[in-house]
Amino acid sequence: MGLKHEQERRREYGEMVRRRRRRRSLSIEEISIRSGISQEAVARIEHGQVSPDIEGLFKRVINAIHQEKMVIK
């Protein structure tokens, strides 16, 4: 897989994560808490800076988006 293809794929996955998160009115902080992934890592995923091939990370973020909304104090 070429570098350009990998960058495009990361960008597409990042956009998908951001759309889903926003559709459910969730903050990056909420996704971070739900998934156990740092806010910085979630932001990097959304900006296409992290490869979603890291299956565990990507699945944790998507699962966190689809959990019931919780109140953060």
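Preceding this paragraph is the structure being described.
Reading the values: the criteria
Residues numbered from 1 in each chain as written. Predicted model: local features only at pLDDT ≥ 70, side-chain atom pairs only at ≥ 80, totals over all residues. Heavy atoms only, no water. Salt bridge = Lys/Arg side-chain N within 4 Å of Asp/Glu carboxyl O. Helix = DSSP H or I, 4+ residues; strand = E, 2+ residues; numbered from the N terminus. Buried < 20%, exposed > 50% of the residue type's maximum accessible area, 1.4 Å probe, protein only. Polar contact = N/O pair within 3.5 Å; in protein donor to acceptor, adjacent residues only side chain to side chain. Contact = heavy atoms within 4.5 Å. Axes fitted to C-alpha atoms, helices over the stretch in contact; angles between N-to-C directions. Parallel < 35°, antiparallel > 145°, perpendicular 65-115°, else oblique. Left-handed = near helix turned anticlockwise from the far one by under 90°. Nonpolar A, V, L, I, M, F, W, Y, C, P; charged D, E, K, R; others polar. Expected span 1.5 Å × (residues − 1).

### Describing the pattern of salt bridges
Then, in step 1: Applying the stated criterion across every chain yields a total of five salt bridges.
Then, in step 2: Residue Arg9 is joined to Glu6 by a salt bridge in which the shortest nitrogen-to-oxygen separation is 3.0 Å. Of this pair, Arg9 and Glu6 both sit in helix H1 (residues 3-23), three residues apart, roughly one helical turn.
Then, in step 3: With relative accessibility at 16%, the residue Arg9 sits in the buried group.
Then, in step 4: Between Glu8 and Arg11 there is a salt bridge, with its nearest N and O atoms 2.3 Å apart. Residue Glu8 and its partner Arg11 are located together in helix H1, separated by three residues, close to a single helical turn.
Then, in step 5: Ionic contacts of the salt-bridge type, sharing partners, join the residues Glu8, Arg11 and Glu15 into one network.

### Some details on the side chain of Ser32
Then, in step 1: Here Ser32 shows up in helix H2 (residues 28-35).
Then, in step 2: Owing to a relative accessible area of 12%, Ser32 belongs among the buried residues under this scheme.
Then, in step 3: Here the side chain of Ser32 touches Ile37 through a polar contact of 2.5 Å, landing on its backbone oxygen.
Then, in step 4: Beyond its immediate chain neighbours, meaning those up to four positions away, Ser32 contacts Ile37, Ser38, Gln39 and Val42.

### Concerning the packing of H2 against helix H3 (residues 39-46)
Then, in step 1: At a closest axis distance of 8 Å, the pairing of H2 and H3 adopts a crossing angle of 115°. Of the possible angle classes, the one that applies to H2 and H3 is roughly perpendicular. Considering how the two elements wind past one another, H2 and H3 form a crossing that is right-handed. Within the contact between the two elements, H2 uses Ile28, Glu29, Ile31 and Ser32 and H3 uses Gln39, Val42, Ala43 and Glu46.
Then, in step 2: Looking at the contact of H2 with H3 residue by residue, the class counts come to four nonpolar, two polar and two charged.

### Re H1
Then, in step 1: With 21 residues, H1 extends 30 Å from end C-alpha to end C-alpha; this agrees with the ideal 30 Å at 1.5 Å per step.
Then, in step 2: Buried residues of H1: Glu6, Arg9, Arg10, Gly14, Met16, Val17, Arg18 and Arg21, and no others.
Then, in step 3: Directly after H1, the chain includes Ser25, whose backbone phi takes a positive value near 55°.

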